[in-house]
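# Topology and contacts: notes
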Amino acid sequence: MNEYIIDGTESLGIEFGSTRIKAVLIDKDFNPIATGSYDWENKLENGIWTYSLDDVWSGLQNAYANLNNDVLSKFGVKIKKLSSIGFSAMMHGYLPFDKNGNQLAQFRTWRNTITADSAQKLTELFNFNIPQRWSIAHLYQAVLNNEEHVNDISFLTTLAGYVHWQLSGEKVVGIGEASGMFPIDSTTNDYDAEMMQQFNNLPEIAQLNWNLSDILPKVLNAGENAGNLTEEGALRIDPTGELEAGAIMCPPEGDAGTGMVATNSVRVKTGNISAGTSIFSMIVLDRMLSNVYEEIDMVTTPSGKPVAMVHCNNCCTDLDYWVSLFIEFSKLAGCELAKPQIYDMLYNTALNGDKNCGGLVSFNYFSGEPVTKLDSGRPLFVRSENSNFNLSNFMRTQIYSTMAALKIGMEILESENVNIDSLIGHGGLFKTEIVGQKLMAGAMNTPVAVMETAGEGGAWGIAILAKYAADSSAEPLEDYLDNKVFSRYKSSVIEPDEQDAIGFADYMQLYKKALAVEKSAVQNI
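Scope of this entry: the structure provided in the associated data block. Numbering of residues starts from 1 in every chain and runs along the sequence as written. Only residues with pLDDT of at least 70 are given local features in this predicted model, and only at 80 or more are side-chain atom pairs given and counted; all residues enter the totals for whole chains, interfaces and linings. To get the side-chain values, all heavy atoms of the structure are used, and hydrogens and water are removed first.

## Quick look at the environment of Met-282
Residue placement: Met-282 occurs in strand S16 (residues 279-284). Relative accessibility thresholds used throughout: buried, under 20% of the residue-type maximum; exposed, over 50%; partly exposed, between the two (1.4 Å probe, protein chains only). Of the residues examined, Met-282 reaches a relative accessible area of 0% and is grouped as buried. For the pair Met-282 and Gly-254, spaced 28 residues apart in sequence, the C-alpha to C-alpha distance is 13 Å. In this structure, Met-282 is in contact with Ala-256, Met-260, Thr-270, Gly-271, Asn-272, Val-299, Val-307, Ala-308 and Met-309, ignoring residues within four places of it in sequence. Numbered from the N terminus, helices here are DSSP runs of H or I no shorter than four residues, and strands are runs of E no shorter than two. Throughout, a residue-residue contact means that at least one pair of heavy atoms, one from each residue, lies within 4.5 Å.

## With respect to the pairing of strand S18 (residues 306-312)
Every other side chain in a regular strand lies on the same face of the sheet, so the side chains alternate between the two faces. Burial within S18 is extensive, with 7 of its 7 residues counted as buried. Of the pairings in the sheet, the one linking S16 to S18 comprises 6 bridges and is antiparallel in character. Paired with Ile-283 across the bridge in S18 is Ala-308. Direction of pairing for strand S17 (residues 297-300) relative to S18: antiparallel, over a ladder of 4 bridges. When the sheet's bridge partners are listed, Val-299 is paired in S18 with Val-307. If you look at the hairpin formed by S17 and S18, you'll find 5 residues sitting between the two strands, and Gly-304 has a positive phi there, around 100 degrees. Only strands that DSSP links by at least two bridges are regarded as paired with each other.

## Looking at the nonpolar core
To define a nonpolar core, start from buried Ala, Val, Leu, Ile, Met, Phe, Trp, Tyr and Cys residues and group those joined through side-chain atoms within 4.5 Å. Core analysis: the largest hydrophobic core is formed by 132 residues, its most contacted members being Leu-139, Tyr-191, Phe-199, Met-403, Leu-429 and Tyr-511. Contact partners of Leu-139, with chain neighbours within four places excluded, come to Tyr-94, Ile-153, Leu-156, Phe-199, Trp-210, Leu-212 and Ile-215. One finds Trp-40, Tyr-51, Ala-63 and Leu-95 within the second-largest nonpolar core, a separate group that totals 43 residues.

None of this, on its own, says anything about what the molecule does.
What follows is the structure in structure tokens.
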């Protein structure tokens, strides 16, 4: 294996998640052979959720160094050369630069809900839903706010697009990532030209120094060569100077696109649910929706097929805080239980709870939740005096809270008669076997599969896309994944339990009524 590592045929994927930067190295057969990670966290500064670009580079270098240490411990060598490399990150966001490459404003992440005015106006202008977190919504809001920097914008990109640009010199993004910046025309696999002209014709835009098409990154499809790692780029990843330049770079993609690849859900009528800090579903459509819905984002697969995306800002954060409380208690009680054991125990007890949670309800809103029309959040647990309050019901409630807002968006797709053969789950919610998968199947009333590769996540997905670019394959992405990647991997499927589905429907009735309590908490606390 040492000799194989030295020959530089491996592909590297690095994903900037909301709480962790993860690197995955894969061999010629797509097997993850080494990993490295680095924890980081966004900060609320001046009312904006952000990461500093200094943290981006220190985080990247630490994740890569940890990956290299893993390679050294397993194979006795360090990485010298790579065949290909890909970068992924949280989709959307706002990173504007001037003509000299200077950052003009704080990086504004997906988590911000400060663009309601611009999102609404653009949705009406385009007759196409523009979510608050999309780059175009942030850009137009900055214009409406008369922010001084807007006239000096020369380049606007996402976090993945920024890292790729710095390492390759290429101002490009993958089409899935691009679809979180501006609407895509899937017949041309490029930004929608008519909508772009409508935006440029707005009086407040027409008076600026730039045209939108000149400041957005170029759109590339999966499999296209998006440049090569430069010598300066190699040093930014590996300051020791051991990593050589020249690796092929695939188009940078968002975590939604890499999640679709990592779960082999890029074909029509397939879908996946990513459940971590945020939660979102991606359903590949066989036809366009009949109406515009502000709860449904229209994005694309990494190969440009239309996708209905239901994105919710909040998922496991509040659940993790509650589990941390039990971890703290276990230490106080002198129990020597590992953190994963406590997670498994608490998750599994949820299966013993009442199907409808016994009258308990929880809101996991650490930030605003556009699907339920809240621009900020307050974590909230509510029960009546005659609720069946016990640990099993409490934990079931916490898990249900992670998927309740998602269900509201999915109900719209149900009304549109969107066909879904199955959903594939991945992310932290599914780490404990069976529990999250079973409850999600009941909540969505659809079979939910979890693959044995689910733990590898988006970093593995972008590594696969990097290898796809290096292979220069003529196969469509769907066939490439079926024939070369997933033919060797197994998955487990759980069918929806009728009683779970009925119980979750009862819970949702209470959840929707209790939204008034959550709104009051936002207004008064």
